[in-house]
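Inside the fold
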Amino acid sequence: MQIGVDTQRAVETKRAFIIDSDDISAMALQFMLADELEVNVVTSSAQAIARAQGMALDVILLGASVIEAEGAPGVSALLAALPGVPVIACGPAGDAGVAQALALGARSTITRPFKVEAVRQKVNAQIGRRAVLTIPVVLG
């Protein structure tokens, strides 16, 4: 278990799909989320739709490489096949594909370079987890 992971979250059964053909981005996101979620990595929207049948899915992280390769039809097919599952578009700041995914119905974005705190915060917000409140103690 990594430092900074709430043990209650580590034992929940929440499932995420990372859809990205960029292996480095996909593995980085998987590493950042693996302690708090069950994470599945696929390389296309079609694979995600096929694997998600009969499975409770909580969030999808959609990589810019897949958005670019599949375009609007791929994003639209994903959103139509898995209604109600929040989609977070992931890619470089200012990426046209990420903006297009937002326009088509993605709920949020995560920009590169990925930071553990930001990724977990965005994912937790989309799956309905409350933020952990910490109050610093100041001595003296």
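About the thresholds
- Residues numbered from 1 in each chain as written.
- Predicted model: local features only at pLDDT ≥ 70, side-chain atom pairs only at ≥ 80, totals over all residues.
- Heavy atoms only, no water.
- Buried < 20%, exposed > 50% of the residue type's maximum accessible area, 1.4 Å probe, protein only.
- Helix = DSSP H or I, 4+ residues; strand = E, 2+ residues; numbered from the N terminus.
- Arc of directions from axis to C-beta.
- Contact = heavy atoms within 4.5 Å.
- Polar contact = N/O pair within 3.5 Å; in protein donor to acceptor, adjacent residues only side chain to side chain.
- Salt bridge = Lys/Arg side-chain N within 4 Å of Asp/Glu carboxyl O.
- Pairing = 2+ DSSP bridges.
- Right-handed = clockwise from strand over helix to strand, strands pointing away.

Note on helix geometry: an α-helix contains 3.6 residues per turn, so any two residues three or four positions apart are oriented the same way. Residues of helix α5 (residues 96-104) that are buried: G97, V98 and A101. On an axial view of α5, the arc spanned by its buried residues comes to 100°, and they lie on one face. Across from the buried face of α5, at angles greater than 90 degrees, the exposed residues are A96 and A103. On the buried face of α5, the contacting elements are α4 (64-81), β4 (87-92) and β5 (108-112). Measuring from the backbone nitrogen of G97 back to the side-chain oxygen at the start of α5 gives 3.1 Å, which picks out D95 as the cap. One or two steps after α5, the chain reaches G105, where phi turns positive at roughly 135°.

Here A96 lies in helix α5. In this structure the C-alpha to C-alpha distance between A96 and A64, which are 32 residues apart in sequence, comes to 8.9 Å.

The next thing to look at is the pattern of salt bridges. What the rule picks out here adds up to three salt bridges. The shortest N-O distance in the salt bridge between R15 and E38 comes to 3.0 Å. In this pair, R15 sits in strand β1 (residues 15-19) while E38 sits in strand β2 (residues 38-42), placing the two residues 23 residues apart along the sequence. The exposure class assigned to R15 is buried, which follows from its relative accessible area of 15%. Two residues, D22 and R112, come together in a salt bridge whose shortest N-O distance is 3.5 Å. Taken together, the residues span a long stretch of sequence, with D22 in the loop between β1 and α2 (23-33) and R112 in strand β5 at a distance of 90 residues.

A word on the pairing of strand β3 (residues 59-63). Here β3 lies mainly inside the structure; five of its five residues are buried. Both faces of β3 are covered, namely the face carrying V59, L61 and G63 and the face carrying I60 and L62. The sheet contact formed by β1 and β3 spans four bridges and is parallel. Considered in β3, the bridge of I19 is made with L62. Pairing between β3 and β4: four bridges, direction parallel. When the sheet's bridge partners are listed, L61 is paired in β4 with I88. Since β3 and β4 lie parallel, the crossover through α4 that links them has a hand, and here it is right-handed.

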